[in-house]
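Examining the three-dimensional arrangement
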Amino acid sequence: MTKTFASWLKKHREILCALGINLLFLLICLCFSHMQFGTNDDRDISNLLANVYGGEDGHYIAFVNVFLCKALAALYKATDNATNWYVIISVGISFISLTTASYILMHRAKRFPAGAALTIIFVGALCESHYIVFQFTQNAALYVAVGAVLLADMLQETSRKGKLFRGIGGCVLMLMGSMLRYQSLYFTLPYLAMFAGYEVLFAHKDMPLLSWLKKNWKTLAVMCVSVLVAVGVRTANMAYYRSNPAALDYYEENAMRAELLDYGVPDYDENAEALMALGISREDLDMFANQSYLDKEVFNRDVVEALVGMKSEQSASYSAVNLKTEAIAAVFQVPDDVRQRQFWLLFFGIVLFLLLCMDWKRFLLLLGTLVVAFAMMWYFVSVGRMPYRVWYSITAPALLFCIYLGTLSWRKRSVVDQADKNIWTTLGGVGHDMGCTLLILTCAAVCVLTICHAAEDDTAEITDTYQKVIEYAESYPDDFFLLDRPTISRLTYTSTATPFTCFSRTSHQNVCIQGGWVCWTPANLSVLERWGMPNVYQAIGEGTVVYMICTVPPERELAFIQCHYNPNVTMAWVDSVNDLMVYGFYIATE
């Protein structure tokens, strides 16, 4: 009995160790830290999927595949918003992805202790970005990266069952990641292509190329099919939007909004004449640029298209001319973010370990991985779009592929007779020992940093303010409230008391979000339609009393309404919610 158990334990030690390491880091993160939304996007996605606005279902989220949205929205509806399924499922898939990648690393490592150390470094470096600071772009990058590693590992696997597991798992994870954020494919596919290309060109040893292709063509076909499935589902997503004129209008407007608000509006002085012809003042453009707008009359489709057209090629978001040599220095600057600095230390620790201990036959792969990661960072720094989530989406797949490369390229320490020793064999042995020592130190650093972060008090930015705002609005069901974008951004880390819960359906039935990408979603606009005021600013000008919950007096909005709709509109402070202010807009009477 004991011998049988010991045999079973030895046979399954890789998966058990991978599962144990991931459970340990998950418990550390969840028990000692408080999960927060990394951006307000995830809170808004949760609210849309849960249909808290009570009208149009939240199927239309421009950067999330509509079929995934429909599936999640149906789950919320079936359970009457009993829990926040979007967060729970995302955390669950993140855990599965990290555990699966850990098993692959353990299985490929030639030495079990080295595999365990590399796994600890991998999980420890990435777990905080999925269990503590929750962000959908980061999650999508992880799913696609792990899926790509599974597909790449099919070329190393010999058993039919193992290949089947890797093929199915890789295809599913890549599909899930691309449906959550299609651009995540761009951050990972170059690494998969490099690994596959290397295997085709250099790794078949003495086997003729045609014989190797005959043996592995099914594996290569699975890789291609996985990518085609992801692209096909994206195509189906776009076809769905094109079949619905209202949804397509939202999708195209969102793309223009992203161009203007993420990459900058045109300069007013350079386009003053054209903007005045459109009826857009400097103050109007400033309000638009500040993401505080909810007007489809002044900022109608033609005006927004004209604003995009005013931008030169140099400022177009995806233009190749955006690459700037001065941005190269910014890529190598020491980042201000503590997490980024620590991640870089771990990343370069792995790279140094590989340089000292790897098989030099795969040096081209390591070099290619670093070059691709640098090129992507250079591009996004050049266009001014390198928030943490984008940086992570570039570096996390690169780290995973570097560690995977380490498991494949582990070089044994050379042992030679005394008579055969020379300077090269001596340097090789010393370098190998230094690499192993560096691996141990990096592994220890990951554990210490994760525990220290978990022990820190991270509750300062977690409040129930957003929940209080909604409860306040619900207590006045006959009044209508605007929640402005700067206030939403300030409430990034709040939703309900915990990200694992969500608001009830119709909880936002008298609340409309002003500004940002969620502003123009059909679900948010359906609130205005139900209240009979498609243009809320025009309704205020016609005498409807509307309240705004904000952090600063809404003087900019008042000036906009007075300029375009009614100069007699005024505002007054009426109440407060926690440290937020509630102002009312109404027509002044003598």
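Let me sum up the structure you'll find in this document. (Residues numbered from 1 in each chain as written. Predicted model: local features only at pLDDT ≥ 70, side-chain atom pairs only at ≥ 80, totals over all residues. Heavy atoms only, no water.)

Another point: the environment of L367. By the element assignment, L367 lies in helix α18 (residues 363-382). Sequence separation between L367 and C402 is 35 residues; the distance between their C-alpha atoms is 9.9 Å. (Helix = DSSP H or I, 4+ residues; strand = E, 2+ residues; numbered from the N terminus.)

Strand order across the open sheet formed by five strands is β4-β3-β5-β7-β6, with mixed pairing between neighbours. Each edge of the open sheet carries a strand with a single partner, namely β4 (511-514) and β6 (569-577). Sheet twist, expressed as the mean angle between neighbouring strand axes with direction ignored, is 30°. The pairing of strand β3 (residues 481-484) with β4 spans four bridges and is classified as parallel. Each residue of the ladder has a partner; that of D484, found in β4, is Q514. Sitting on the sheet, helix α25 (residues 555-564) is in contact with β4, β5 (546-550), β6 and β7 (580-587), with an inclination near 155° to β6. (Pairing = 2+ DSSP bridges. Axes fitted to C-alpha atoms, helices over the stretch in contact; angles between N-to-C directions. Contact = heavy atoms within 4.5 Å.)

A separate point is the pattern of salt bridges. Per the stated rule, a full pass over the model turns up 11 salt bridges. The partner of R166 in a salt bridge is D153, and the shortest N-O contact between them spans 2.6 Å. In this pair, R166 is assigned in helix α9 (residues 160-180) and D153 in helix α8 (residues 136-153), connecting sequence segments 13 residues apart. Given a relative accessible area of 2%, R166 falls into the buried group. Residue D153 is classed as buried on the basis of its relative accessible area, which comes to 0%. Across the salt bridge formed by D269 and R282, the nearest N and O atoms sit 2.7 Å from each other. Of the two residues, D269 is situated in the loop between α12 (245-263) and α13 (272-277) and R282 in helix α14 (residues 282-289); the sequence distance between them amounts to 13 residues. (Salt bridge = Lys/Arg side-chain N within 4 Å of Asp/Glu carboxyl O. Buried < 20%, exposed > 50% of the residue type's maximum accessible area, 1.4 Å probe, protein only.)

We now examine the packing of helix α6 (residues 112-126) against helix α19 (residues 388-408). It is at 10 Å that the axes of α6 and α19 come closest, and there the two elements cross at 175°. Classified by the angle between their axes, α6 and α19 sit roughly antiparallel to one another. Between α6 and α19, the residues in contact are L118, I121, F122, A125 and L126 and Y392, A396, L399, L400, I403 and T407, respectively. Taken together, the residues that form the contact of α6 with α19 break down as 10 nonpolar, one polar and no charged. (Parallel < 35°, antiparallel > 145°, perpendicular 65-115°, else oblique. Nonpolar A, V, L, I, M, F, W, Y, C, P; charged D, E, K, R; others polar.)

On the secondary structure map, S129 appears in helix α7 (residues 128-131). Among residues more than four places away in sequence, those in contact with S129 are Q138, N139, Y388 and Y392.

At N51, a residue that is not glycine, the phi angle is positive and equals roughly 55°. A positive phi angle is found at T506, which is not glycine, with a value near 75°. Mapping T506 onto the fold places it in the loop between α22 (485-490) and β4. Take T506: its relative accessible area is 36%, and that puts it in the partly exposed class.

Counting residues in hydrophobic clusters, the biggest one holds 178 residues, and the most contacted among them are Y86 and L126. Ranked by the residues each element gives to this core, the list is headed by α19, at 15 residues. Residues within four places of Y86 in sequence aside, it is in contact with D42, I45, S46, L49, L72, Y76, F134, F136 and L180. (Core = buried A, V, L, I, M, F, W, Y, C linked by side-chain atoms within 4.5 Å.)

Picture a little ball the size of a water molecule; that probe, rolled over the atoms, points out where space is still empty. Using the criterion set out here, one finds two cavities of 30 Å³ or more in the structure. What lines the largest cavity is a set of 13 residues, and nearest its centre among them are G124, A125, E128, R339 and Q342. Of the volumes computed, that of the second largest cavity is approximately 30 Å³. Along its surface, the second largest cavity is lined by I45, L49, I61, V64, L68, C69, L72, Y86 and L180. (1 Å grid on protein atoms, 1.4 Å probe; cavity = no way out; pocket = protein on both sides within 12 Å on 5 of 7 lines; lining within 4 Å. Points joined across faces, edges and corners; volume = space filled by probe spheres on them.)

Most of β5 is tucked away, with five of its five residues classed as buried. Burial along β5 is two-sided: the residues V546, M548 and C550 and Y547 and I549 are all buried. For β3 and β5, the ladder comprises three bridges, and the chain directions are parallel. When the sheet's bridge partners are listed, F481 is paired in β5 with Y547. As defined by bridge partners, β5 adjoins β7 across five bridges and the pair is classed as antiparallel.

Moving on: α25. Residues of α25 that are buried include every one of E557, L558, F560 and I561, and no others. Down the axis of α25, the sector holding all buried residues measures 160°, keeping them to one side. Opposite the buried face of α25, by more than 90 degrees, sit the exposed residues E555 and C563. Tucked inside the fold, the buried residues of α25 contact α14, β4, α24 (536-541), β5, β6 and β7. (Arc of directions from axis to C-beta.)

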